[in-house]
Amino acid sequence: MAKHWADFQYEIYLHGMTGVVPRLPTDLTRLERLAEQRLGPGPVGYVAGSAGTGSTAAANRAALERRRIVPRMLRDVQERDLSVEVCGRALPAPLALAPVGVLSIMHPDAESAAARAAAAQGVPYILSSASSTPMEEVAEAMGDGERWFQLYWAKDREVTRSFLHRAKAAGYTALFVTLDTPLLAWRPRDLDQAYLPFLHGVGTANYFTDPAFRAGLAKPVDEDPNAAVRHFVGMFADPGKTWPDLAFLRENWEGPIVLKGILHPDDALRAADAGVDGVVVSNHGGRQVAGSVAAADALPRVAEAAAGRLTVLFDSGIRTGDDIFKALALGAKSVLVGRPYAYGLGLDGQAGVEHVLRCLLAEFDLTLALSGHSRPATLTADDLIEESV
Ligand SMILES: Cc1cc2nc3c(=O)[nH]c(=O)nc-3n(C[C@H](O)[C@H](O)[C@H](O)COP(=O)(O)O)c2cc1C
Ligand SMILES: O=C(O)C(=O)c1ccccc1
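What you see is a predicted model, and the numbers here were worked out from it, not measured in a lab.

## Observations regarding the site of ligand 2
Phase 1 of the analysis: Around ligand 2 lies a shell formed by G101, V102, A130, T181, G203, H284 and R287.
Phase 2 of the analysis: In terms of residue class, the shell around ligand 2 is built from two nonpolar, four polar and one charged.

What follows is the structure, given as structure tokens:
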């Protein structure tokens, strides 16, 4: 029988009989403020911050809020199954942890704690190239949990080749290639504090342990760490890449490839033509293009263009179970969540990330049932109306 994620609700009430209440809020939109109260301004600013005035991040929320669910009645929702198939893998629910780099700014256990939380809940973990812990160590922490790897597509081919080789050897099965960050955007919250994690030695673990990266340095990392950081900043992404370059990744990675950061339907068509398996409709949580289309507003057109050719995933603004419902109804197969779990990690380590996952999936399970559905596959645009603004 499929797992009933909604049972978390009763578990919380039962604990309450012994006077115990959840350590973190169950409304995950409250985590950001708590993190601001309890964690350092540089790190919290980095996680919470966005491009420009923050209008894209706000638009992501507004586009989800503007869609309202139209619940249906009397449809036998007693037995529910949240499982979905994504790129040939069976997932227990339509949710994965988005790649979030530099997590040691949130908690010393960083990516390993987030990955353990994902594995404990059976949810895939997408490890960032810019993690604070080397990919092999995170893989070990995950046991048999589903491991996916996010690639920042470096200028240096040999570093990319080496990363793909290491990721495969460490048991990562799918490759997420992030296309929306060839440069870091103008981010006033970080600029005003003059705070960039790499300059504090965070986010370079995969590079500093990499033979191909080290071969490009004039002096060993320990002898000149500042030069190594500068080399990293100059090469981890590449604004010169174009669509034909994807052939290199297709040749060097056997498993599924998913392009992250697609917003235009024509780019989805190019992705399909390039022979990749999926796309993530995402504006990077509003952290890249200020004034960008809200991710949820871009989703229906991309899903339509991709139909039958690509798996469509979604992120940017997911905070609640009903947000997951809406993204699926707009055409996504599964969603990724970013900032909420980074705050959960910062506030309560692995347990905090598990709390975020369980809240999101319990609320999604209940929203599904209360709206007349027993599984994700039956959600369509007919389950939503769009409020006029
Ligand atoms: C602190 C932080 C670091 C991130 N690092 C990466 C990264 O290394 N690679 C990547 O592809 N996306 C990265 N992202 C973007 C997320 O994968 C995801 O697209 C975004 O957080 C989703 O929006 P949400 O935070 O509203 O859920 C990062 C996001 C944050 C907040
Ligand atoms: O901050 C980000 O959004 C991000 O994607 C990133 C880029 C490089 C290193 C770490 C995170």
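## Quick word on helix 4 (residues 55-66)
Phase 1 of the analysis: In this model helix 4 runs 16 Å from its N-terminal to its C-terminal C-alpha over 12 residues, within 8% of the 16 Å that 1.5 Å per residue would give.
Phase 2 of the analysis: Looking only at helix 4, the buried set comprises T56, A57, A59, N60, A63 and L64. Buried residues of helix 4, viewed axially, fall in a sector of 160°; they line one side.
Phase 3 of the analysis: Residues of helix 4 that are buried sit in contact with strand 1 (67-69), helix 14 (295-306) and helix 15 (321-329).

## Overview of the site of ligand 1
Phase 1 of the analysis: Taken together, 23 residues sit near ligand 1, with A98, G101, S128, G285 and G338 positioned nearest.
Phase 2 of the analysis: Taken together, the elements giving at least two residues each to the shell around ligand 1 come down to helix 3 (41-48) and helix 16 (339-370).
Phase 3 of the analysis: For the shell around ligand 1, the per-class residue count stands at nine nonpolar, 10 polar and four charged.

## Some details on the packing of helix 4 against helix 14
Axes are the key here: two packed helices are described by the angle between their axes and the distance separating the axes.
Phase 1 of the analysis: Viewed as axis vectors pointing N to C, helix 4 and helix 14 meet at an angle of 65°, and their least axial separation amounts to 7 Å. Contacts between helix 4 and helix 14 pair N60, A63 and L64 from the former with A295, A296 and D297 from the latter.
Phase 2 of the analysis: Taken together, the residues that form the contact of helix 4 with helix 14 break down as four nonpolar, one polar and one charged.

## Quick notes on the UniProt feature "domain: FMN hydroxy acid dehydrogenase" (unreviewed entry) in the chain
Phase 1 of the analysis: Here the UniProt feature "domain: FMN hydroxy acid dehydrogenase" (unreviewed entry) sits at residues 20-389.
Phase 2 of the analysis: A helix fraction of 42% and a strand fraction of 12% characterise residues 20-389, whose end C-alpha atoms lie 42 Å from each other.

## Some remarks on helix 7 (residues 157-169)
Phase 1 of the analysis: Compared with the 18 Å implied by 1.5 Å per residue over 13 residues, the 18 Å span of helix 7 between its first and last C-alpha is a close match.
Phase 2 of the analysis: All of the buried residues along helix 7 are V159, T160, F163, L164, R166 and A167. Viewed along the axis of helix 7, the buried residues span an arc of 165°, placing them on a single side of the element.
Phase 3 of the analysis: Check the buried side of helix 7 and you find it contacts helix 6 (135-142), strand 6 (147-151), helix 9 (205-208), helix 10 (211-215) and helix 12 (246-252).

## As for the pairing of strand 11 (residues 334-337)
Two faces, one strand: in a regular strand the side chains alternate between the faces of the sheet.
Phase 1 of the analysis: Neither face of strand 11 is open: one carries S334 and L336, the other V335 and V337, and all of them are buried.
Phase 2 of the analysis: In terms of strand pairing, strand 4 (residues 95-97) meets strand 11 through three bridges, oriented parallel. When the sheet's bridge partners are listed, A96 is paired in strand 11 with L336.
Phase 3 of the analysis: By the bridge criterion, two bridges tie strand 10 (residues 311-314) to strand 11 in an arrangement that is parallel.

## Digging into unusual backbone geometry
Phase 1 of the analysis: For V102, which is not glycine, the phi dihedral falls at a positive 50°.
Phase 2 of the analysis: In this fold, V102 is placed in the loop between strand 4 and helix 5 (110-121).
Phase 3 of the analysis: Unlike most non-glycine residues, S316 shows phi in positive territory, near 105°.
Phase 4 of the analysis: For S316, the location among the structural elements is in the loop between strand 10 and helix 15.
Phase 5 of the analysis: S316 sits in the buried class, given 34 other C-beta atoms within 10 Å.

What counts and how
- Residues numbered from 1 in each chain as written.
- Chains lettered and ligands numbered in written order.
- Predicted model: local features only at pLDDT ≥ 70, side-chain atom pairs only at ≥ 80, totals over all residues.
- Near = placed C-beta within 6 Å.
- Nonpolar A, V, L, I, M, F, W, Y, C, P; charged D, E, K, R; others polar.
- Helix = DSSP H or I, 4+ residues; strand = E, 2+ residues; numbered from the N terminus.
- Expected span 1.5 Å × (residues − 1).
- Buried ≥ 20, exposed ≤ 12 C-beta atoms within 10 Å, placed from the backbone.
- Arc of directions from axis to C-beta.
- Contact = placed C-beta atoms within 7 Å.
- Axes fitted to C-alpha atoms, helices over the stretch in contact; angles between N-to-C directions.
- UniProt positions renumbered as here; feature names shortened; annotations may be inferred.
- Pairing = 2+ DSSP bridges.

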